[in-house]
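# Close look at the chain arrangement
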Amino acid sequence: MRFESIQGQEIPLGILKRALEKGRVPTAYLFTGPEGCGRTMAATAMAASLNCESGPLACGTCPSCRLYAAGNHPDFHQVEPACGKRWIEIKQVREEIIGKAFLKPMKGRSLTFVIQGAHLLHPHAANAFLKTLEEPPEATRFILIAPQKGAVLPTIASRCQVIPFKTLAKDILRSLLEDRGIETREANVLAAMAGGSLTKALGLFEEGLSRGMEGELEYLLAIGESSPSKILDLSQRWGRNRQDALKRLEQMAQWYRDLLFLAEGGREEQILTLSGITSLKEMARELTNGEIAAVCESIEEARESLEANTNIQLTLDRLLFSVRKHTGAGEKRV
């Protein structure tokens with residue numbers, strides 16, 4: 001794994017590479033940022049560099065680097081909550097970190113421990129780990145990964161150099177998806193839905209959500225003239241579980257943002273819902289900007305309600321009837 005494989009993170013990668021080149025790598029790092037922005041790849045590149053046989057930065061071709069790329073290097077350890085567990089518990093820290101951190105590296109010069117979800121360290125586990133951080137082994141490095149510094153216990157975070165990673169820009173995320181063989185049109189939609197996370201974008205692609213939702217677009221755009229029973233049918237299809245409902249709201253929000261963009265005179269090539277461009281253009285001529293904005297507001301309210309653990313079916317029912325009211329049926333259009 002080489003640093004060159006990571007895109008869109010020039011500032012944090014520059015900090016890490018300079019530390020390697022100067023031979024001043026701290027005992028512990030805390031990589032913060034959203035899931036899927038390159039933190040784990042950077043941690044692997046950092047570990048590979050510490051044991052690279054060719055230079056201060058991972059070359060990607062020496063035997064050591066090839067082991068890291070294959071995920072088989074014996075001096076590289078990743079720790080995360082055990083299957084079915086919410087926390088990284090004290091027993092796991094003792095066995096997977098403390099019990100190994102003081103051993104000599106088996107093949108290279110350095111041992112590296114990557115703690116995925118450092119904010120999920122149980123308080124007792126964090127206290128046990130803290131003792132190792134306070135008196136660290138000379139040849140051992142720790143890289144903690146968490147969404148933000150404030151999510152990690154202050155006693156742990158204060159002993160780490162914090163390296164913030166940012167969400168990936170849409171054009172970078174789209175390029176990464178295209179590199180994986182995803183068509184440009186779908187890559188555009190996935191990049192818009194994924195909030196700067198490659199992990200999330202690939203998950204949406206595997207689930208087929210961006211493709212599956214295309215079949216709902218024509219129906220949704222005609223919802224203003226739909227009967228209550230058809231609206232309830234759509235709500236039931238969308239409301240099978242909370243995560244699916246939230247993902248569908250993301251796609252729906254994108255449609256109506258595109259609709260508002262067209263209504264305000266935006267260029268056609270800049271919208272993301274390319275498969276429904278004809279229907280969107282017709283709808284943009286029929287609705288006012290205020291009506292479209294009201295729908296966008298209703299979608300955001302529904303998203304907040306679902307994230308607050310409200311009833312899924314009732315939330316979707318309320319949303320879709322609100323969309324119906326603003327886009328067609330009701331007293332204002334009778």
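For the structure itself, consult the block above.
Residues numbered from 1 in each chain as written. Predicted model: local features only at pLDDT ≥ 70, side-chain atom pairs only at ≥ 80, totals over all residues. Heavy atoms only, no water.

## Quick look at the overall build of the protein
Looking only at helices and strands, the protein features 16 helices and five strands. Projected onto the principal axes, the alpha-carbon positions of the protein cover approximately 80 × 40 × 30 Å. A burial count over the protein gives 48% of its 334 residues as buried. Pairs at least 24 apart in sequence give 69% of the contacts found in the protein among residues at least 6 apart. For the protein, the exposed surface amounts to about 16700 Å²; the carbon and sulfur share of it is 49%. (Helix = DSSP H or I, 4+ residues; strand = E, 2+ residues; numbered from the N terminus. Buried < 20%, exposed > 50% of the residue type's maximum accessible area, 1.4 Å probe, protein only. Contact = heavy atoms within 4.5 Å. Areas by Shrake-Rupley, 256 points an atom, 1.4 Å probe, with all protein chains shown as cover.)

## Examining the environment of I15
Within the secondary structure layout, I15 lies in helix α1 (residues 10-22). Taking C-alpha positions, I15 is 8.2 Å from I163, a pair spaced 148 residues apart along the chain. Not counting residues within four places of it along the chain, the set of residues in contact with I15 comprises Q161 and I163.

## Some words on the sheet that holds strand β4 (residues 140-146)
One open sheet holds the five strands; their spatial order is β2-β3-β4-β1-β5, and the pairing between them is parallel. Two strands lie at the open edges of the sheet, namely β2 (76-79) and β5 (161-164), each paired on one side alone. Taken pair by pair, the neighbouring strands of this sheet meet at an average axis angle of 20°, ignoring direction. Bridge analysis of strand β3 (residues 111-116) against β4 gives six bridges, and the strand direction is parallel. Opposite Q116, over in β4, you have I145 as the bridge partner. In the packing of helix α4 (residues 90-101) onto the sheet, the strands contacted are β2, β3 and β4, and the crossing angle to β3 comes to about 160°. (Pairing = 2+ DSSP bridges. Axes fitted to C-alpha atoms, helices over the stretch in contact; angles between N-to-C directions.)

## Let's talk about the state of the cysteines
The final tally for this structure, using the stated rule, is zero disulfides. C52 provides the cysteine sulfur closest to C59, a residue in no disulfide bond, and the two sulfurs are 3.7 Å apart. (Disulfide = S-S within 2.5 Å.)

## Structural notes on the pairing of β4
Within β4, seven of the seven residues are buried, leaving the element largely enclosed by the surrounding structure. Here β4 shows no split at all, with T140, F142, L144 and A146 on one side and R141, I143 and I145 on the other all buried. In terms of strand pairing, strand β1 (residues 28-32) meets β4 through five bridges, oriented parallel. Bridge pairing in β4 links A28 to F142.

## Description of the packing of helix α13 (residues 242-263) against helix α16 (residues 312-327)
Direction vectors running N to C along α13 and α16 enclose 15°, while the axes themselves pass 11 Å from each other. As far as their axial angle goes, α16 and α13 are roughly parallel. In this structure, the crossing between α13 and α16 has a hand that is left-handed. Along its contact with α13, which presents R242, A245, L249, M252 and Y256, the element α16 presents I312, L316, L319, L320, V323 and T327. Broken down by class, the residue content of the contact of α13 with α16 amounts to nine nonpolar, one polar and one charged. (Parallel < 35°, antiparallel > 145°, perpendicular 65-115°, else oblique. Left-handed = near helix turned anticlockwise from the far one by under 90°. Nonpolar A, V, L, I, M, F, W, Y, C, P; charged D, E, K, R; others polar.)

## Let's talk about the environment of L249
Within the secondary structure layout, L249 lies in helix α13. A relative accessible area of 2% means that L249 is categorised as buried. In this structure the C-alpha to C-alpha distance between L249 and L121, which are 128 residues apart in sequence, comes to 32 Å. Each residue touching L249, except ones within four places of it in the same chain, is listed here: I299, A302, R303, L306, L316 and L319.

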